Amino acid sequence: MSLLQPYFQQCASTAFSISFPSHSFYVSVSKRTFISCCSSQSQTALVDAPVDSKIAERDEIRLGLPSKGRMAADTLDLLKDCQLSVKQVNPRQYVAQIPQLSNLEVWFQRPKDIVRKLLSGDLDLGIVGLDTVSEYGQGNEDLIIVHDALDYGDCRLSLAIPKYGIFENINSLRELAEMPQWTVEKPLRVATGFTYLGPKFMKEHGLNHVIFSTADGALEAAPAMGIADAILDLVSSGTTLRENNLKEIEGGVVLESQAVLVASRKALIQRKGALDTTHEILERFEAHLRALGQFTVTANMRGGSAEEVAERVLTQPSLAGLQGPTVCPVFCKRDGKVTADYYAIVICVPKKALYKSVQQLRAIGGSGVLISPLTYIFDEETPRWRELLSKLGI
Ligand SMILES: Nc1ncnc2c1ncn2[C@@H]1O[C@H](COP(=O)(O)OP(=O)(O)OP(=O)(O)O)[C@@H](O)[C@H]1O
Ligand SMILES: O=P(O)(O)OC[C@H]1O[C@H](OP(=O)(O)OP(=O)(O)O)[C@H](O)[C@@H]1O
Ligand SMILES: [Mg+2]
């Protein structure tokens, strides 16, 4: 099999399509099985592939979280901010609970194993980087991104080349592809840990004379060591590239990544309680993440009526709030009579537009402007939930 290098692609719950360069055929398998997958780069991985239409029986829903590394602490912080604190007795214990979600078990795993275990049916939900889902999920349709922007772990998978030598004047993927140096005998050598996404990207962009090598880390050393011409790796600050005399090129970004909530489609459809639990987690995430970008602004404004004040507020582009301003009379007693000369307005403003909003409020007569943080914004229904139901065909 490794000689023929077939591509294995799960195409249905009970069947796999095995494609060879010239033809393809299907085999039906009726029980859980381990399948060795080979890519065109001879990279071999074991995938615990679920082939039953039924999922493994268990009562708990399992959520996989990164056990260590860059994503681990931020993931626990996000859950805590959503009032879903993970109770872990000690850091070496790999199973934990979230008391607010009684039917859920947390399992700490390495990010790539979270994706593999979602595919094998050993986890139902997971939080990892989109890069990891894309690399290790290999487009498997059982994986569904439930929340695509958890707002941490930002990075991009990007192609980089040396700043010097034959690459000095090469600044785009097109220019790199058009270099006469790359031939069948002497292909462009790319070092990467992304042995699925790398070849796929190159093929899709018409770079045919390319070979890949892989290493577990410090890839940026490969060009200077003479091992590779280019590297394909994650970049966030860009410091590692800079320090190793490498540069990114236009059109060379394979993927923009951040932390995502990912689920097994099969688990959401078949496992009792999985969809409800996912709904709750999604709602809490959405409510928290929406609120993160906003402040509540309260100000007093002199006016003849609530409508007149609202009209004045709505003339300003940064003061529209989520659905419009809340305007309430501020009552005071003057000469024994209760009157409302002032109105309090309450709006949500994007953090980025805070100062502009304060200026606009002042311009229309606002005074005593109070700014408070927002903790959660719960909408009637989150767009991502509707999207998820439609992806599930519900
Ligand atoms: N500068 C960065 N470099 C690498 N990963 C980053 C960076 N910024 C954010 N990330 C995110 O963090 C994840 C990597 O975290 P970590 O290094 O813990 O992963 P890992 O899979 O345990 O790595 P490894 O198995 O190679 O040790 C990436 O998949 C990516 O989503
Ligand atoms: O753009 P930057 O902020 O510099 O980050 C990018 C670097 O960080 C990661 O490496 P990591 O620190 O995980 O080391 P490793 O490659 O040796 O595992 C990644 O593989 C890049 O090398
Ligand atoms: Mg590195």
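Residues numbered from 1 in each chain as written. Chains lettered and ligands numbered in written order. Predicted model: local features only at pLDDT ≥ 70, side-chain atom pairs only at ≥ 80, totals over all residues. Heavy atoms only, no water.

As annotated in an unreviewed UniProt entry, the chain carries the name ATP phosphoribosyltransferase and is attributed to Gossypium schwendimanii. For the record of the chain, the UniProt heading Pathway (unreviewed entry) holds the text "Amino-acid biosynthesis; L-histidine biosynthesis; L-histidine from 5-phospho-alpha-D-ribose 1-diphosphate: step 1/9." The UniProt entry for the chain carries the following comment under Catalytic activity (unreviewed entry): "1-(5-phospho-beta-D-ribosyl)-ATP + diphosphate = 5-phospho-alpha-D-ribose 1-diphosphate + ATP". (UniProt positions renumbered as here; feature names shortened; annotations may be inferred.)

Caption draft 1: Spotlight on the packing of aromatic side chains. With the rule as written, the count across this model stands at two aromatic pairs. Ring plane angle 20 degrees and centroid distance 6.1 Å describe the contact between Phe167 and Trp182, whose orientation is recorded as stacked. Of this pair, Phe167 sits in the loop between strand E11 (155–162) and helix H4 (173–177) while Trp182 sits in the loop between H4 and strand E12 (188–192), and the two are 15 residues apart along the sequence. In this structure, Phe167 and Trp182 share a single accessibility class: buried. A cation over a ring is seen here: Lys351 above Phe295, with NZ or CZ 5.2 Å from the ring centre. (Phe/Tyr/Trp six-rings, centres within 6.5 Å; stacked < 30°, edge-to-face > 60°. Helix = DSSP H or I, 4+ residues; strand = E, 2+ residues; numbered from the N terminus. Buried < 20%, exposed > 50% of the residue type's maximum accessible area, 1.4 Å probe, protein only. Lys NZ or Arg CZ within 6 Å of the ring centre and 35° of its normal.)

Caption draft 2: Fine view of helix H3 (residues 130–137). Counting buried residues in H3 gives six out of eight residues, a clear majority hidden from the surface. All buried positions along H3 are accounted for by Asp131, Thr132, Val133, Ser134, Glu135 and Gly137. Positive phi appears at Gln138, one or two residues downstream of H3, with a value of about 50 degrees.

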